[in-house]
Amino acid sequence: MFGRACLDTLGAVQCGPSIAVDFLANLLLILNIVIVHCHFERGGVTQVVENHVRWLSRQQAIEKIVLLSGGRDSGLSGDTLQSTESIHLEGFEYDSLLSANGDDLDARTDTLVRQWDEKMREMQFSPADTVVHWHNHSLGKNVAAPKVIRRLAEMGWRLLLQVHDFAEDNRPVNYAHLIQGTGAGTRSDLDALLYPVAGQIHYATLTQFDAELLYRIGIPKPQTHCLPNSVTAASSVPLDKAASLGKVRKAMNLPDDASWCLYPVRGIRRKNVGEFLLLSLFAPAQCYSGVTLRPTTLVEARSYERWQDVANELAPRAVFDAAHHEDVSFADNLAASRFVLSTSVAEGFGMAFLEPWLAHREVIARRLGSVTQDFERSGVRLNKLYDELPIPGSRSWIADCRAESNRVFDSSWQSVAETFRPTNESAKLAAESDTIDFAELTPTRQIEVLQRLQGDRGFETAVRKGSSKIIDWMHQETDQNEIECNIDSIGQHFSLESTGTKLQQIYEQMINATVDANCDGPINAGDAIQIIHDARPLFPCRMENFDD
């Protein structure tokens, strides 16, 4: 690496004007990268960071890569640790894990900025040769983060703020914590803090859909980038399907003639596990359906365990904890499967729509326009997506179900001051109908449907008729042509090289950006909560709480 040496000798270089310009332009591409997140435990953000590091560590233009967190980093691979340096800042953990959570926010900000300055000086990093890549700054996990970002921007640091998830997107607990923790008096105050605008601040989102939300809030388009995840095969070694299926049958205690399909996710609330149980009933005879990972947080674990109990009674071919077997790898689970399912109602990127194709497995899934439109524009053929799973019922029953779902929305947002709450426009738009989408039901109503399916043959016939297309897909043979086409499209648009090149181009733009002395708020400050809330439908499974 030669970036630091070149910078140090800049003052001694003597050359003609045109050569000097070219030399300076090349120098500006020699960067230090500081990647920031509260933790690097196993999860979606850490996987994104690992992919970025894999690409950046191969680039001659990158001098040094530093990972900055509050201290938890057990999710990082050995290769990532060898390619980076780690910095831990006291007080930069999740607020829920900090004993000083109630401390004065300005004092916390001062402490974090002072630590930052000390660490950067030690490494001889400066705003002129460094890009700070900050993940999920506005989610409300550490309320000091937005104020620290504003201070760093005012000091001239160049910041790429990558938004994976919005607190405004049906996460009222996070949003309430941001309001209380920052002391914001109005929506405009909060938006100005969460979404600062200055020449040295750029934004990245996982999808074009989310990038457009930032435009609508008022982030300038030239400073907003769609940076999708890299998609790689679960195993570089082709696995024998029969051998993998044998491992799955043995580990899950399945019949010798069982076939397998997979829902490769952590079974948190937004994954709509009740609908997964319903689809498991539609699968071909002797086909068992597995959800891979159990949640790690208390409320998510409560939901997951409840669905396990329901499955034991009402969906006997649904299998939980499919990834929690030492002798069955994730690649084995994929290789053993006939197809992959997804019933999720919300995704940041939607890896489950792409990754299975690289293992030659097709995807049957609920359509999520916020993510799937990017994939389809890139040439990925997703021909087995469904828009709803209609459940028949009387109009009065459907009206009661919708009223219950709206009450879930209202009660969930009670923790947020009224002036900050979004309006639930979907409650006004629902038309009378003889069916309701299964995902629009509360989990209690979903269980009611599963119970009725077991004892009411006429109801079961009507439900199956409404979802006959999905059932047909489950029984069809895989289209090998489609698989090969999708492997090519994913390789072209979502490979490590493709996304890594985009990332490096963003860094190059930023290092040449104008640095503004002050940070402004977005031009539509105050509107973010409603803009983001209205962009996605309300699904009550996301907001279920357990009171006891």
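Placed above this text is the structure.
Residues numbered from 1 in each chain as written. Predicted model: local features only at pLDDT ≥ 70, side-chain atom pairs only at ≥ 80, totals over all residues. Heavy atoms only, no water.

Student: I'd like to hear about the overall build of the protein chain, residue by residue, with values.
Tutor: Per the secondary structure count, the protein chain includes 23 helices and 15 strands. Against the globule reference of 24 Å for 548 residues, the protein chain gives a C-alpha radius of gyration of 25 Å, in line with a compact fold. Dimensions of the protein chain, computed from C-alpha atoms along their principal axes, come out at roughly 85 × 55 × 40 Å. Summarising the internal contacts of the protein chain: among those between residues at least 6 apart in sequence, 79% fall at separations of at least 24. Accessible surface for the protein chain amounts to roughly 23000 Å². Of this, 48% is attributable to carbon and sulfur atoms. Here the protein chain carries 52 positive and 73 negative side-chain charges, and the mean point of each set is 3 Å from the other. (Helix = DSSP H or I, 4+ residues; strand = E, 2+ residues; numbered from the N terminus. Rg over C-alpha atoms; globule rule 2.2 N^0.38 Å. Contact = heavy atoms within 4.5 Å. Areas by Shrake-Rupley, 256 points an atom, 1.4 Å probe, with all protein chains shown as cover. Lys, Arg positive; Asp, Glu negative; His and termini not counted. Charge placed at Lys NZ, Arg CZ, Asp CG, Glu CD.)

Student: Requested: an account of the environment of Asp129, with residues and values cited.
Tutor: Note that Asp129 resides in the loop between α5 (105-123) and β4 (130-135). What makes Asp129 buried here is its relative accessible area of 5%. A C-alpha to C-alpha distance of 8.8 Å links Asp129 and Ile33, two positions 96 residues apart in sequence. Within the local environment of Asp129, its side chain forms a polar contact with the backbone nitrogen of Ser126, the two atoms lying 3.1 Å apart. One polar contact links Asp129 to Thr130, side chain to side chain, over a distance of 2.8 Å. (Buried < 20%, exposed > 50% of the residue type's maximum accessible area, 1.4 Å probe, protein only. Polar contact = N/O pair within 3.5 Å; in protein donor to acceptor, adjacent residues only side chain to side chain.)

Student: Account for unusual backbone geometry, with residues named and values stated.
Tutor: Comment: phi is negative for the bulk of residues other than glycine, and the bulk of peptide bonds are trans. Notably, Asn170 is not glycine yet its phi reads approximately 55 degrees, a positive angle. Here Asn170 is to be found in the loop between β5 (158-163) and α7 (172-182). Residue Asn170 is classed as buried on the basis of its relative accessible area, which comes to 5%. One non-glycine residue, Asp321, adopts positive backbone phi at about 65 degrees. Its location among the elements puts Asp321 in the loop between β10 (318-319) and α13 (330-336). With a relative accessible area of 16%, Asp321 lands in the buried category.

Student: Would you mind going over the pairing of strand β8 (residues 259-266) in detail, with residue names and values included?
Tutor: For β8, a buried count of seven out of eight residues is recorded, marking the element as mostly surrounded by other parts of the structure. Crossover connection from β8 via helix α11 (residues 273-282) to parallel strand β9 (residues 287-293): handedness right-handed. (Right-handed = clockwise from strand over helix to strand, strands pointing away.)

Student: Just give me the short version of the pairing of strand β2 (residues 62-69), but keep the residues and values in it.
Tutor: Taking burial as the measure, the eight residues of β2 include six buried ones, the bulk of the element. Pairing analysis gives six bridges linking strand β1 (residues 31-36) to β2, with the strands arranged parallel. Residue pairing across strands places Val34 opposite Val66, the latter belonging to β2. On the question of chirality, the crossover connecting β1 to the parallel β2 by way of helix α3 (residues 44-56) is right-handed. Here four bridges tie β2 to strand β3 (residues 85-88), and the two strands are oriented parallel to one another. Directly across from Leu68, in β3, lies its bridge partner Ile87. Regarding topology, helix α4 (residues 78-83) serves as the crossover connection from β2 to the parallel β3, and that connection is right-handed. (Pairing = 2+ DSSP bridges.)

Student: Describe α3, listing the residues and the values that go with them.
Tutor: An ideal rise of 1.5 Å per residue puts 18 Å on 13 residues; α3 measures up with 18 Å between its terminal C-alpha atoms. The buried fraction of α3 amounts to ten of the 13 residues, a majority that puts the element mostly inside the structure. Taken as a whole, α3 has its buried residues at Val45, Thr46, Val48, Val49, Glu50, Asn51, His52, Val53, Trp55 and Leu56. Residues of α3 that are buried sit in contact with β1, β2, α4, β4, β5 and α22 (496-511). (Expected span 1.5 Å × (residues − 1).)

Shape is all these values report; function is a separate question.
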